[in-house]
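Next come the chains, spelled out residue by residue.
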Amino acid sequence: MMEEETTFVQTDPAFNLVLNVLNELNHGNRLHATHSQSASIRNIESNDEQEDRRLLFGGQRAEMANSAFSRTASAIVRMCMLEAVGIARNLWPKARPHSRRRNAGNLARQGFGEQPFQLADDLDTAEYYWSKYDQLYPHFLIRNRVGVLAVDEQGGIPSMMLIFRGNFTKVIEITTTFDVTPRGDQMFNSYVHVACIVRDISEGKDGPHTIRLKELMQPPNIRGQYFEEIRNIQNVEEVDSLGSPLENEVNEDSEEDDEEEKEKDNEEEHVEDNEEEHEEDNEANANSNNLTENLTNLKSSTDGNHKHFRMLIALEWTRCMDWNNKIIVIIFMSGAVDEKVLADAIKMTNTAVNLCLSNKFLQAQAKLEPCLKTHNGAITKSMVHAFIYPKGAIFLYYAGRIKQVQGKLDEATKSYNDSIQFSLNGNSSIIYVTGSFFFFVCVLCYWELMWCYSYEGDWARAYHYASVLLKESRWSWTSYMYLKACFRVMARIRNLELAKEDDQSEKDTEEYLFRRLPEYKQRIAGKSVPFKKFSIHKANKYLEQGNHLFLPGMELILLWNGFKVLHRRPDLVRPMLKLVQTSLVELEETKGKL
């Protein structure tokens, strides 16, 4: 193994610290990718001698299927890792012959870089790496994970392994996706994908997490005599008299050295605490002093070009914000403004965002109002477009949420649609952080639009957005299918016409949706989401009761606390009450027929 190297796997207690270090390095633009390689395999095959049984596990003993699959899978996941990191196949550990032959032939490899990356080129080093990797996928862990899965239920065991090399000048990331679905009759569907990404670490200022990690990476310096002292222990009392295992133990007889060491430790601890507080403050709020200086320089360099000035301010601000949260607030300038006022507005707006993330929407709005009124009108509505008059997708969404909980559903739907429009098409006056985040904002808006239209009794449009969620989002197909089916029932009851694009095939019918939704049930961390269980239970009820449920859309509004919004809108509650009364009369008339 190379010197000056440390390997971390996801099961290590310090792994969260390692992830924070990667985050610091990424924020500081110190990571530069040089290689990207991957290997994958679909449907692991067994070691059964008969070719027609290559997808069956456990031989003639069906009760051993889980155990047999887990042992084979453990070896094949390791094989996939070795292929992804470029270790030659002649260095791989021995495996059962039929299993290795079949699965090695099914490995798919892909790589990017000037030349292939090779993690190890000798047996000892390769053995070290796969022994560390084996900590992530022992056969008993796979067996236990598969054992709690129902037939046709998918489960996964994702993992990460990180290797720091060359005295912290290179980091190798090995990320694994391992999904498995028991199919019954000793068969399993599986998918393994291992990605190996190599990055150089450039020089730069270390953050507090990086400093701590470098301390952890120092080799231990244990006194040789300590082990002899441990061997010679005769009773419990001698344990308390053991010296420190460290080689450079502090001399207790030297009071001067002791006091100096304590003072140094206190000073370092104080510095570390200050660094943490300072870092958190900088991540949460823009540094007003630096921002003032930078804005002044930007202002003088734009020569009155206000559009250019606005863009520069936005870029400067995004540099000061927390990229990890993926939230960028843009303040626009329509002319000269006091930089200190702008910095105060930034801090206040960021506070409002944090409140908004805690579902404290009204408090967030109140926090932003001073931005529009203080400092003798230096900041006006035309200068600050944040929450009350939003121009960014995330703030349009939050503005919609505020209007929604206030019962102003028309205004809420307008904000959500504007947020979707900005997210999908962009706007020349707004600077976005592009990526999947804004697609996620769209999905949030689709979800809220669905509920807004259901509150208004527009079940056809609620059905439309449930259909969009089923197509676009992967959160829970079971839940989305149930929502779609329920809103279709409500649209039928109210004789509402569905859009043509939402009613094109058998997959859009009530019976198909209710009958098929249990097939998409998945577990998260070994447990099912309660709403998924509820959806499956109600789907079975629908089929047992002759394709009938009593006002399922109204039940959903109650279940998702929609009446806390509707209590502000008696004009919307009255038609719902009338619908319930009419449906109850019809139910009484048909009692015993269902």
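Refer to the preceding data block for the structure.
Notes on the structure follow. (Residues numbered from 1 in each chain as written. Predicted model: local features only at pLDDT ≥ 70, side-chain atom pairs only at ≥ 80, totals over all residues. Heavy atoms only, no water.)

### Re a negative patch on the surface
- Taken together, the side chains of D121, D122, D124 and E127 define an acidic patch exposed on the protein surface.
- Counting through the fold element by element, D122 comes out in the loop between β3 (108-112) and α4 (123-133). (Patch = residues over 30% accessible without salt bridge, like charges linked within 9 Å, V, L, I, M, F, W, Y side chains within 5 Å. Areas by Shrake-Rupley, 256 points an atom, 1.4 Å probe, with all protein chains shown as cover. Salt bridge = Lys/Arg side-chain N within 4 Å of Asp/Glu carboxyl O. Lys, Arg positive; Asp, Glu negative; His and termini not counted. Charge placed at Lys NZ, Arg CZ, Asp CG, Glu CD. Helix = DSSP H or I, 4+ residues; strand = E, 2+ residues; numbered from the N terminus.)

### Digging into the packing of helix α2 (residues 65-84) against helix α3 (residues 97-106)
- Packing of α2 against α3 brings their axes to within 11 Å, and their N-to-C directions diverge by 45°. Between α2 and α3, the interaxial angle falls into the category oblique. The handedness of the crossing between α2 and α3 is right-handed. On α3, the residues that touch T72, I76 and M79 of α2 are S99, R100, N103 and A104.
- Residues that form the contact of α2 with α3 fall into these classes: 3 nonpolar, 3 polar and 1 charged. (Axes fitted to C-alpha atoms, helices over the stretch in contact; angles between N-to-C directions. Parallel < 35°, antiparallel > 145°, perpendicular 65-115°, else oblique. Left-handed = near helix turned anticlockwise from the far one by under 90°. Contact = heavy atoms within 4.5 Å. Nonpolar A, V, L, I, M, F, W, Y, C, P; charged D, E, K, R; others polar.)

### A closer look at the state of the cysteines
- Counted under the stated rule, the structure contains 0 disulfides.
- C445 carries a free sulfur, and the closest cysteine sulfur to it, the one in C442, is 6.4 Å from it.
- On the basis of relative accessibility, which here comes to 0%, the residue C445 falls in the buried class. (Disulfide = S-S within 2.5 Å. Buried < 20%, exposed > 50% of the residue type's maximum accessible area, 1.4 Å probe, protein only.)

### Observations regarding the nonpolar core
- In terms of nonpolar packing, the biggest core is built from 58 residues, with M450, W451, Y482, L483, F487, F514 and L556 touching the most fellow members.
- Here this core gets 12 residues from one element, more than from any other, and that element is helix α16 (residues 436-455).
- Both of domain 3 (389-453) and domain 4 (457-593) provide at least three residues apiece to this core.
- In contact with L483, not counting residues within four places along its chain, are W447, M450, W451, A466, F531 and L556.
- If you look at the next biggest cluster of nonpolar residues, it comprises 45 residues, including A65, A73, A84 and A120. (Core = buried A, V, L, I, M, F, W, Y, C linked by side-chain atoms within 4.5 Å. Domains from an automatic or database assignment.)

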